[in-house]
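Observations on chain architecture
Now for the letters of each chain:
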Amino acid sequence: ATALQRAGLPFCVFEQRNKVGGIWSRTQSPGAFDNPVYDSLSTNLPKEIMAYSDFPFDPSLPSFVRHEDVQEYLEQYAS
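Here we summarise the structure given alongside this text. Please read all numbers here as calculations on a predicted model, not as lab measurements.

Rules used throughout
Residues numbered from 1 in each chain as written. Predicted model: local features only at pLDDT ≥ 70, side-chain atom pairs only at ≥ 80, totals over all residues. Heavy atoms only, no water. Helix = DSSP H or I, 4+ residues; strand = E, 2+ residues; numbered from the N terminus. Buried < 20%, exposed > 50% of the residue type's maximum accessible area, 1.4 Å probe, protein only. Contact = heavy atoms within 4.5 Å. Areas by Shrake-Rupley, 256 points an atom, 1.4 Å probe, with all protein chains shown as cover. Lys, Arg positive; Asp, Glu negative; His and termini not counted. Charge placed at Lys NZ, Arg CZ, Asp CG, Glu CD. Salt bridge = Lys/Arg side-chain N within 4 Å of Asp/Glu carboxyl O. 1 Å grid on protein atoms, 1.4 Å probe; cavity = no way out; pocket = protein on both sides within 12 Å on 5 of 7 lines; lining within 4 Å. Points joined across faces, edges and corners; volume = space filled by probe spheres on them. Nonpolar A, V, L, I, M, F, W, Y, C, P; charged D, E, K, R; others polar. Core = buried A, V, L, I, M, F, W, Y, C linked by side-chain atoms within 4.5 Å.

In this section: the overall build of the chain. Across its full length, the chain holds three helices and zero strands. With the principal axes as the frame, the chain shows a C-alpha extent of 40 × 35 × 15 Å. Going through the 79 residues of the chain one by one, you find that 25% of them count as buried. Sequence-distant contacts, at least 24 apart, represent 29% of the contacts inside the chain between residues at least 6 apart. Looking at the chain as shown, the accessible area adds up to about 5600 Å², and 58% of this sits on carbon and sulfur atoms. Positive and negative side-chain charges in the chain, numbering 6 and 10 respectively, have mean positions lying 1 Å apart.

In structure tokens form, the structure reads like this:
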């Protein structure tokens, strides 16, 4: 969507849940699948690899971020 927006092309993004983030969003939406994210989950990839090339994670975060950090990152990217 970012590349399309930069190119000035129309687009539409669909999300199954009521907010961005996919499984990283722990908010339950009607009809959504059970969420595999548990309270103490941290990523198994460093943020330096997970980040979008044009939008780095907050440098103050550890390399292996918690699920809340991923959700916040995706919300910031989408806004």
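Don't stop here, the text continues.
As enumerated under the stated definition, the model contains two salt bridges in all. With a shortest N-O distance of 2.5 Å, D54 and R6 are connected by a salt bridge. Note that D54 is positioned in the loop between α2 (47-50) and α3 (67-78) and R6 in helix α1 (residues 2-6), a separation of 48 residues in sequence. The class of D54 is partly exposed, set by a relative accessible area of 32%. When the shortest N-O distance is used, the salt bridge between E68 and R66 registers 3.0 Å.

Reported here for the largest pocket is a volume of approximately 420 Å³. Looking at the largest pocket, it is lined by 14 residues, and the ones nearest its centre are A1, T2, V13, Y77 and A78. At three residues, the largest contribution of residues to the lining of the largest pocket is made by α3. Of the residues belonging to the lining of the largest pocket, the class tally is nine nonpolar, four polar and one charged.

As a rule of thumb, soluble globular proteins bury nonpolar side chains together. One finds F57, V65, V70, Y73 and L74 forming the largest nonpolar core, which totals five residues. Discounting chain neighbours no more than four positions away, the residues touching V65 are S42, T43, K47, F57 and V70.

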